[in-house]
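# Overview (structure and organization)
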Amino acid sequence: MKIVSLVPSVTELLYTLGLEQEVAGITKFCVHPQTWFRTKTRIGGTKTLNPEKIAALRPDLVIANKEENVKEQVEALQERFPVLVTDVNSYRGALDMIHTIGAATQRTAEATALISAIEKEFAALKNPAQKTAAYFIWKDPWMTAGGDTFISDMMSRAGFKNLYAARNRYPTVHLDELRALCPEYLLLASEPYPFSEKHRAALQRLFPGVKILLVDGELFSWYGSRMLEAPAGFLRLKEG
């Protein structure tokens with residue numbers, strides 16, 4: 001079986017499932033594992049796929065994602081190759097996706113073991129106290145995670161109540177509007193926008209008394225084997 005992954009977190013999952021020989025192509029954003037990033041054929045970006053490079057690999061399976069890839073590009077691939085389109089909006093949905101990919105790649109046992117390990121790690125979080133928060137993924141304009149996202153579910157499990165849970169996907173917000181909601185925390189993700197200390201400091205001046213944290217976006221938004229690391233990361237975040 002030859003596999004092409006169009007999704008960074010899925011690429012890492014395929015590595016965890018032991019599909020070293022089967023995975024032939026990945027995107028330029030599939031940075032984990034580093035060995036694959038250096039050696040596997042790169043077939044463009046998640047939203048700028050190179051169909052010729054994909055075709056040259058003659059894949060038996062292409063794995064895409066409804067949110068991360070462009071619909072028209074995926075539909076064009078579906079006319080030529082078997083394509084599995086994932087759609088993950090929650091913790092439970094992520095576990096279901098791991099099972100589905102395990103079955104599609106003849107790695108059901110490995111996927112089942114991974115799911116069990118993830119569930120064990122998250123069980124250790126118990127029921128963390130919920131602190132009100134907004135999770136920023138972008139600036140100019142400011143954009144946050146809405147309630148129907150995997151990120152929002154991860155926020156809850158990390159002990160944060162999403163102030164924008166009533167809104168969908170990734171709404172644009174105004175800082176004056178956010179101030180009126182009296183957040184206890186602001187979370188600045190490392191991706192897709194690379195928030196840094198200068199952004200944290202600038203926001204701190206606008207929101208005195210609010211705890212503003214730079215957070216690892218992979219822990220909140222990468223569904224798959226990265227979820228094994230998320231609970232420990234969430235505990236360190238609250239302890240810090």
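Read on for an overview of the structure.

### Description of the pattern of salt bridges
- Tallied over the full model, the rule gives 13 salt bridges.
- Linking Lys40 and Glu20 is a salt bridge whose minimum nitrogen-to-oxygen distance equals 3.7 Å. Linking Lys40 in the loop between α2 (34–39) and β3 (41–42) with Glu20 in the loop between α1 (8–16) and β2 (23–26), this pair joins segments that are 20 residues apart in sequence.
- Relative accessible area serves as the criterion here: at 13%, Lys40 is assigned to the buried category.
- Of the residues examined, Glu20 reaches a relative accessible area of 36% and is grouped as partly exposed.
- Between Glu119 and Arg92 there is a salt bridge, with its nearest N and O atoms 3.4 Å apart. Taken as a pair, Glu119 in helix α6 (residues 108–123) and Arg92 in helix α5 (residues 91–104) lie far apart in primary sequence, 27 residues in all.
- Given a relative accessible area of 30%, Glu119 falls into the partly exposed group.
- Residues participating in the shared-partner salt-bridge network are Glu12, Glu218, Arg226 and Glu229.

### Some thoughts on the pairing of strand β6 (residues 61–65)
- Most of β6 sits out of view: five of its five residues are buried.
- Of the two faces of β6, the one holding Leu61, Ile63 and Asn65 and the one holding Val62 and Ala64 are both buried throughout.
- In this structure, strand β1 (residues 3–5) lies alongside β6, joined through three bridges in parallel fashion. Bridge pairing in β6 places Ser5 opposite Ile63.
- Handedness of the β6-helix α4 (residues 71–78)-strand β7 (residues 83–86) crossover: right-handed.

### Quick word on the nonpolar core
- Counting residues in hydrophobic clusters, the biggest one holds 63 residues, and the most contacted among them are Leu6, Tyr135 and Phe220.
- Element by element, the count of residues in this core is highest for α5, at six residues.
- Tyr164, Leu178, Leu186 and Tyr193 belong to the second largest nonpolar core, which has 15 residues in total.

### Focus: unusual backbone geometry
- A cis amide bond links Asp140 with the next residue in sequence, Pro141, at an omega value of 5 degrees.
- Summarising the element assignment, Pro141 is placed in the loop between β8 (131–138) and β9 (143–144).
- At the junction of Glu191 and Pro192, the peptide bond is cis and its omega measures out at 0 degrees in the coordinates.
- The topology assignment puts Pro192 in the loop between β11 (185–189) and α9 (197–206).
- A positive phi is found at Gln106, a non-glycine position, where the angle reads about 60 degrees.

### Remarks on the sheet that holds β6
- Across the sheet, which stays open at both edges, the five strands sit in the order β3-β2-β1-β6-β7 with parallel pairing between neighbours. Lying at the two open borders of the sheet, with one neighbouring strand each, are β3 and β7.
- Pairing between β2 and β3: two bridges, direction parallel. From the neighbouring strand, Gly25 faces β3, where its bridge partner is Thr41.

### Quick look at the pairing of β2
- In this sheet, β2 lies alongside β1 in parallel orientation, the contact comprising two bridges. Each bridged residue has a counterpart across the sheet, and for Ile3 the counterpart in β2 is Val23.
- A crossover connection joins β1 to the parallel β2 through α1; in handedness this β-α-β unit is right-handed.
- You can see the chain leave β2, run along α2 and come back into β3, and the turn it takes is right-handed.

### Some words on the side chain of Ser9
- By the element assignment, Ser9 lies in helix α1.
- There is a polar contact of 3.4 Å between the side chain of Ser9 and the backbone oxygen of Tyr223.

Conventions and cut-offs
Numbering of residues starts from 1 in every chain and runs along the sequence as written. Note on the predicted model: pLDDT of at least 70 is required for a residue's local features to be given, and 80 or more for side-chain atom pairs to be given and counted; whole-chain, interface and lining totals, by contrast, use all residues. Excluded from the side-chain calculations are hydrogens and water; all other atoms, namely the structure's heavy atoms, are used. Each reported salt bridge corresponds to a side-chain nitrogen of Lys or Arg within 4 Å of a carboxyl oxygen of Asp or Glu. Runs of H or I in DSSP of at least four residues are treated as helices and runs of E of at least two as strands, each being numbered from the N terminus. Residue exposure (1.4 Å probe, protein chains only): buried if accessible area is under 20% of the type maximum, exposed if over 50%, otherwise partly exposed. In short, DSSP must find at least two bridges between two strands for them to pair. By convention a crossover is right-handed if, when the strands point away from the viewer, the path from the first strand over the helix to the second runs clockwise. Put simply, buried Ala, Val, Leu, Ile, Met, Phe, Trp, Tyr and Cys residues joined by side-chain atoms within 4.5 Å make one nonpolar core. Throughout this description, a polar contact denotes any pair of N or O atoms lying within 3.5 Å of each other; where both atoms belong to protein, one of them has to be capable of donating a hydrogen while the other can accept it, and for residues adjacent in sequence the pair is counted only when both atoms sit in side chains.

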